[in-house]
Amino acid sequence: MRNISDIIEGYLKEVIELDGQGHIEIKRNELAKQFSCAPSQINYVINTRFTTEHGYYVESKRGGGGYIRILRVTIHSKKNLLDEMETQIGNAIAQTNAEHIIYRLLEEDIITEREASIMKVALDRVTLQVGLPLRDQLRARIMHAMLQTISFEK
């Protein structure tokens, strides 16, 4: 059974897709009423499911006429996407953020389901059994190597 966060995420992605322009503007309180949830639940979904790692840009304006605009970032080339991901990874990356990047690669059809599974296992904290911050630094180095391999292979 899907939880409310999954349902809200699915709804927003569907609206963005149907819009045809790759973005939507929403009012947080109105969306919260539509899903019978607290406005903080909408914030949670937007802050965790619509990040740059997931391929979105979010801007908001607070106040009475405020809105939240969610834009799907379109990639002009695979190279641009991989370069952007290299920047996001930096010198260290947490497991959750690494998984977001892997999911984005999968969404953009740059990697297969099998490749995504292999990447996730290789970058998992259980596999990289060293303490922080070394673990996040090691994960970043492995991810950089994986992305470089992808850029040469496909």
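Values in this document were obtained by computation on a predicted structure and should not be read as measured data.

Undergrad: How do you make sense of the sheet that holds strand β3 (residues 67-72) when you look at a structure like this?
TA: By definition, the strands of a sheet pair up through backbone hydrogen bonds, in either a parallel or an antiparallel sense. Strand order in the open sheet made by the 3 strands is β1-β3-β2, with antiparallel pairing throughout. Both outer strands of the open sheet, β1 (23-26) and β2 (56-61), are each paired with one neighbouring strand and no more. Shown here is a sheet whose adjacent strand axes are inclined to one another by a mean of 15°, direction ignored. Both β2 and β3 contribute to a ladder of 6 bridges, which runs antiparallel. Along β3, the bridge assignment pairs glutamate 59 with arginine 69. Helix α1 (residues 4-19) rests against β1, β2 and β3 of the sheet, and its axis sits at about 125° to β1.

Undergrad: It is not clear to me how the UniProt feature "domain: CtsR C-terminal dimerization" (unreviewed entry) in the chain should be interpreted in this structure. Could you clarify?
TA: Within this structure's numbering, the places UniProt gives as "domain: CtsR C-terminal dimerization" (unreviewed entry) are residues 78-148. Secondary structure within residues 78-148 divides into 72% helix and 0% strand; the distance between the first and last C-alpha atoms comes to 12 Å.

Undergrad: Explain the packing of aromatic side chains to me, please; I cannot follow it from the model alone.
TA: For any pair of aromatic rings, geometry is given as the distance between the ring centres together with the angle between the planes. For the structure on display, the rule yields 2 aromatic pairs. Ring plane angle 70° and centroid distance 5.3 Å describe the contact between tyrosine 11 and phenylalanine 35, whose orientation is recorded as edge-to-face. Within this pair, whereas tyrosine 11 is found in helix α1, its partner phenylalanine 35 is found in the loop between α2 (28-34) and α3 (39-49), the two being separated by 24 residues in sequence. Overall, tyrosine 11 belongs to the partly exposed group, its relative accessible area being 31%. Judged by relative accessible area, which is 17%, phenylalanine 35 ranks as buried. Ring geometry for phenylalanine 50 and tyrosine 56: centres 4.8 Å apart, planes at 70°, overall edge-to-face. Judged by its relative accessible area of 2%, phenylalanine 50 is buried. Taking relative accessible area as the criterion, tyrosine 56 reaches 5% and is therefore assigned buried. It is arginine 72 that lies over the ring of tyrosine 56; its NZ or CZ is 4.8 Å from the centre.

Undergrad: Looking at this model, I keep getting lost on the nonpolar core. Mind explaining?
TA: Most often, soluble globular proteins have nonpolar side chains that are buried together. Residues Leu105, Ile111, Met143 and Ile150 are the most contacted members of the largest nonpolar core, which totals 20 residues. Contributions of two or more residues to this core are made by α4 (78-89), α5 (95-107), α6 (113-123) and α7 (134-153). Ranked by size, the runner-up nonpolar core spans 16 residues in total, among them Leu12, Ile24, Ile26 and Phe50.

Undergrad: What should I look at first to understand the pairing of β3 in this one?
TA: Strand residues, when the strand is regular, have side chains that alternate between the two faces of the sheet. Inspection of the sheet shows β1 paired to β3 by 4 bridges, in the antiparallel sense. Residue pairing across strands places glutamate 25 opposite arginine 69, the latter belonging to β3.

Undergrad: Which parts of the structure should I look at to understand the side chain of arginine 135?
TA: Inspection of the secondary structure puts arginine 135 in helix α7. Buried charge without a partner: arginine 135 forms no salt bridge, and the closest opposite charge is aspartate 136, 4.6 Å away. Setting aside its immediate chain neighbours within four residues, arginine 135 contacts Arg125, Leu128 and Val130.

Undergrad: Explain the environment of alanine 140 here, please?
TA: Inspection of the secondary structure puts alanine 140 in helix α7. In this structure, the C-alpha to C-alpha distance between alanine 140 and asparagine 91, residues 49 residues apart in sequence, is 5.9 Å. Those residues in contact with alanine 140 that lie beyond four places of it in its chain are Ile89, Gly90, Asn91, Ala92 and Ile93.

Conventions used here
Residues numbered from 1 in each chain as written. Predicted model: local features only at pLDDT ≥ 70, side-chain atom pairs only at ≥ 80, totals over all residues. Heavy atoms only, no water. Pairing = 2+ DSSP bridges. Helix = DSSP H or I, 4+ residues; strand = E, 2+ residues; numbered from the N terminus. Axes fitted to C-alpha atoms, helices over the stretch in contact; angles between N-to-C directions. Contact = heavy atoms within 4.5 Å. UniProt positions renumbered as here; feature names shortened; annotations may be inferred. Phe/Tyr/Trp six-rings, centres within 6.5 Å; stacked < 30°, edge-to-face > 60°. Buried < 20%, exposed > 50% of the residue type's maximum accessible area, 1.4 Å probe, protein only. Lys NZ or Arg CZ within 6 Å of the ring centre and 35° of its normal. Core = buried A, V, L, I, M, F, W, Y, C linked by side-chain atoms within 4.5 Å. Lys, Arg positive; Asp, Glu negative; His and termini not counted. Salt bridge = Lys/Arg side-chain N within 4 Å of Asp/Glu carboxyl O.

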